[in-house]
Amino acid sequence: MSLASKTIKELRGLLDGGEIQPMEIVDSVIAAAEARDEKIGGYLSWDRDQACRACETPIRGLLGGIPIAIKDLINVKDQPCGCGSKILRNYVAPYDATSIVNLRRAGGHPFGRANMDEFAMGSSNENSSIKPVHNPWDLERISGGSSGGSAAVVASDQAIAALGSDTGGSVRQPAAFCGCVGLKPTYGRVSRFGLTAYASSLDQIGPLTKTVEDAAILLGAISGGDANDSTCLDEPVPDYAAGLTGEIKGMKLGLPEEYFGEGIDPAIREAVQKAAKHYESLGVEIVDVSLPYTEHAVGVYYIIATAEASANLARFDGVRYGYRAPDAKDLAEQYAKSRAQGFGPEVKRRILLGTYVLSSGYYDAYYLRAQKLRTLIRDDFTKAFAKVDAILAPVSPTPPYKIGEKVANPLDVYLADIFTTSANLAGICGLSLPCGFMTPGDGDHELPIGLQLLGAPFAEEKILRLGHHYEQSTEWHQRRPVI
Amino acid sequence: MSENEKGTQFDLRYVAGLARLELSDDEVATFEPQLQDILTYMEKLDEVDVSGIEPTAHANPVLNVTRADASRPSLEAEDALRNGPKTTSDQFVVPKVVE
């Protein structure tokens, strides 16, 4: 077994025992990527020389000597940060994001830029302006997105672990599609400073890992308050990894009826219902809960997220960074042409939609109404978490589809975000982990299925503990794709 | 231009102008029906009575977070300029704005 296929926990043991040196891990990751990534497309670039320099410092901390792949929208000083977009093709980050500062403080080092949907807009990774990411279990299919590169490199043992970002499911859904663990922390748990903004009230950086334990380790490393992000809360950071082995007997897990109805693939429904049975056998009480506003989550999400995106992406004007269209007559033309030539179709669609819902005469009908519905969606969860410790749900209603299949139908793609967007709107935390496999009707490869554990704000300890117990008493996380 | 059920004109070219985004004729032909579909779907939200409900702008219960009003180190000019498409003498160069 190569070093690249091991977990953070395993490698920390080998490093502490003096059996390996940090650069051996980097070289194992590079060897894996050179052998497999041409087929998958998970990496946009990596820099071995920088990793060499990072590995010269003495090993210390929870992540000491561990390379972590970074989604291409998190700034790492002196590395490219193109956000999967042509408009930022030559951009080199002038500073470290706070999550990267924290990662380095814990001894880890950022290694490799992970492919993504352009500006994190997408659920398939087909919207990367560089190349799509192929699902490691079936190369014809999507990896999911927008953190598809992060999920695919972890799931195919080309990375030890990765950071992604989740605005409407962008960590949890690709983790489910690729068969790894993905955690969206509570809004305000991890600083967004240095994360290129898509929708500021929803975005959150989170880990993608091979085990729940690694997610706990990585979350602990990157969390904490930050003077550079006023929405990042200065809450204490518990030892998440130490909390994993605590008792789960007697905990209450809610099953929301709205997540198991029409439109969900029967194989996915069955796998998650089996997981509920499994939890019962572990002594967890399963309780029915209701989240009645679930059916409105997609509509609310695509109004709020695109509204915020239209404002955030106004900064791409060809003046201070990024692509500038040549030969513009005046400043207005420079803006319009640079953006026209620099952005891809999905980004344009979302900017247009967001501009429209904020425009004079439509603000109240769309944006304000969506914000009010956001309150109702949040209240749904507050009521549910008064009764249960966490909620068990599927991640995606459908398995990954074939690349190119839905290019002409953006609404179809949006509707599949039904089970993930609510957590971002409510600001709660969510953990995605493997819970089975299925072979879709139009394919002959087995594809992983993910379950989702949703927790109240700052209840990461609970969902990680519940996830860890499920994982350690099942074998799904041990399977690896053959590439 | 087309009509949505809110009885309003959805003028894509006008919206693109607000967004400072030039669109080709092909893009208008592709995006207009797609966005119209999405907006029609959004009308589902009208089913809910939201009178008396406070809007949520973001999920955190924090307000007015401030820091000490003191100077602190920031990005050096050289670093801030290094990604500029066109720069000279510590400045970004843009097309002439004032006649």
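Residues numbered from 1 in each chain as written. Chains lettered and ligands numbered in written order. Predicted model: local features only at pLDDT ≥ 70, side-chain atom pairs only at ≥ 80, totals over all residues. Heavy atoms only, no water.

## What about the overall build of chain A?
Broken down by element type, chain A carries 15 helices and 13 strands. Taken over the C-alpha trace, chain A has a radius of gyration of 21 Å; the compact-globule value for 483 residues is 23 Å, and the two agree within 12%. Along the three orthogonal principal directions, the C-alpha set of chain A runs to about 70 × 55 × 50 Å. Here the contacts in chain A between residues at least 6 apart in sequence split such that 76% fall between residues at least 24 apart. Of the roughly 15,700 Å² that chain A leaves accessible, carbon and sulfur atoms contribute 50%. Both charge centroids of chain A, one from 48 positive and one from 59 negative side chains, sit 3 Å from each other. (Helix = DSSP H or I, 4+ residues; strand = E, 2+ residues; numbered from the N terminus. Rg over C-alpha atoms; globule rule 2.2 N^0.38 Å. Contact = heavy atoms within 4.5 Å. Areas by Shrake-Rupley, 256 points an atom, 1.4 Å probe, with all protein chains shown as cover. Lys, Arg positive; Asp, Glu negative; His and termini not counted. Charge placed at Lys NZ, Arg CZ, Asp CG, Glu CD.)

## Notes on the overall build of chain B
If you tally the helices and strands in chain B, you get three helices and four strands. In sequence order, the secondary structure elements of chain B are arranged as β-β-α-α-α-β-β. Rg of the C-alpha trace for chain B: 23 Å, well past the compact-globule value of 13 Å for 99 residues, more than 25% over. Oriented by its inertia axes, the alpha-carbon framework of chain B measures out at about 55 × 45 × 25 Å. For chain B, with 99 residues in total, the buried portion stands at 31%. (Buried < 20%, exposed > 50% of the residue type's maximum accessible area, 1.4 Å probe, protein only.)

## So, the packing of aromatic side chains
Residues and elements named next belong to chain A. One pass over the structure, following the stated rule, counts 17 aromatic pairs over all chains. Ring centres of Phe-316 and Phe-343 lie 6.3 Å apart, and the angle between their planes is 85 degrees; on these two criteria the pair is classed as edge-to-face. Here Phe-316 is found in the loop between helix H9 (297-312) and helix H10 (331-342), whereas its partner Phe-343 is found in the loop between H10 and helix H11 (345-358), with 27 residues between them in sequence. Across the pair, Phe-343 and Phe-316 agree in class, each one buried. Ring pairs connect the aromatic residues Tyr-91, Phe-119, Phe-316, Tyr-321 and Phe-343, which therefore count as one cluster. (Phe/Tyr/Trp six-rings, centres within 6.5 Å; stacked < 30°, edge-to-face > 60°.)

## Some points on the domain arrangement of chain A
Residues and elements named next belong to chain A. Each domain of chain A was delimited in the assignment, giving domain 1 (3-248 + 389-478) and domain 2 (293-375). On the domain 2 side, the residues contacting the 29 residues of domain 1 number 29 residues. Counting each side, the surface lost to burial between domain 1 and domain 2 is near 2,600 Å², with a carbon and sulfur contribution of 63%. Contact with domain 2 buries surface across domain 1, with Ile-87, Tyr-414 and Leu-425 losing the most and accounting together for 29% of the total. Where domain 1 touches domain 2, the interface holds zero salt bridges. The interface formed by domain 1 and domain 2 contains 14 residue pairs in polar contact (both at pLDDT 80 or more). Examining the composition of the side of domain 1 that touches domain 2, we find that four residues originate from one element, helix H14 (residues 421-426), more than from any other. (Domains from an automatic or database assignment. Buried area = accessible area lost by both parts, 1.4 Å probe. Salt bridge = Lys/Arg side-chain N within 4 Å of Asp/Glu carboxyl O. Polar contact = N/O pair within 3.5 Å; in protein donor to acceptor, adjacent residues only side chain to side chain.)

## Quick word on the pattern of salt bridges
Residue and element names in this part refer to chain A. All chains considered together, the criterion is met by 27 salt bridges over all chains. In this structure, Lys-9 engages Glu-213 in a salt bridge whose closest nitrogen and oxygen atoms are separated by 3.8 Å. Here the residue Lys-9 occupies a position in helix H1 (residues 8-16), and Glu-213 occupies one in helix H7 (residues 212-222), the gap between them amounting to 204 residues. Looking at Glu-213, the relative accessible area reads 22%, which means it is partly exposed. Here Arg-349 makes a salt bridge to Glu-346, at a shortest N to O gap of 2.7 Å. Highlighted residues: Arg-349 and Glu-346, both in helix H11, separated by three residues, approximately one helical turn.

## A closer look at the pairing of strand S6 (residues 162-165) of chain A
Residues and elements named next belong to chain A. Side chains Ala-162 and Gly-164 project from S6 onto one buried face, and the interleaved Leu-163 and Ser-165 project onto a second face that is buried too. Pairing between strand S2 (residues 67-71) and S6: two bridges, direction parallel. Within the sheet, the bridge partner assigned to Ile-70 lies in S6 and is Leu-163. (Pairing = 2+ DSSP bridges.)

## With respect to the state of the cysteines
Residue and element names in this part refer to chain A. Enumeration according to the criterion identifies zero disulfides over all chains in this entry. In this structure Cys-55 is a free cysteine whose sulfur lies 6.9 Å from that of Cys-52, the closest cysteine sulfur available. There is no disulfide at Cys-180, and the cysteine sulfur nearest it, in Cys-178, is 6.2 Å away. Residue classification places Cys-180 among the buried positions, given a relative accessible area of 2%. (Disulfide = S-S within 2.5 Å.)

## Quick word on the interface of chain A and chain B
Taken together, the 73 residues of chain A in the interface contact 52 residues of chain B. For the chain A face of the interface with chain B, the top three residues by lost area are Leu-352, Tyr-356 and Arg-369 of chain A, together amounting to 12%. Put simply, Lys-348 of chain A and Glu-27 of chain B hold a salt bridge, and the shortest N to O gap is 2.6 Å. Linking chain A with chain B are 21 residue pairs in polar contact (both at pLDDT 80 or more), by the criterion used here.

## Description of the sheet that holds strand S11 (residues 390-394) of chain A
All names here are of chain A. The 11 strands lie next to each other as S1-S3-S2-S6-S8-S7-S12-S13-S11-S9-S10, forming an open sheet whose pairing is mixed. On the outer flanks of this sheet lie strand S1 (43-45) and strand S10 (285-289), each paired with one strand and no other. On average, adjacent strands in this sheet sit at an angle of 35 degrees to one another, irrespective of strand direction. In this sheet, strand S8 (residues 205-209) lies alongside S6 in antiparallel orientation, the contact comprising four bridges. By the bridge assignment, Ser-165 is partnered in S8 with Ile-205. (Axes fitted to C-alpha atoms, helices over the stretch in contact; angles between N-to-C directions.)

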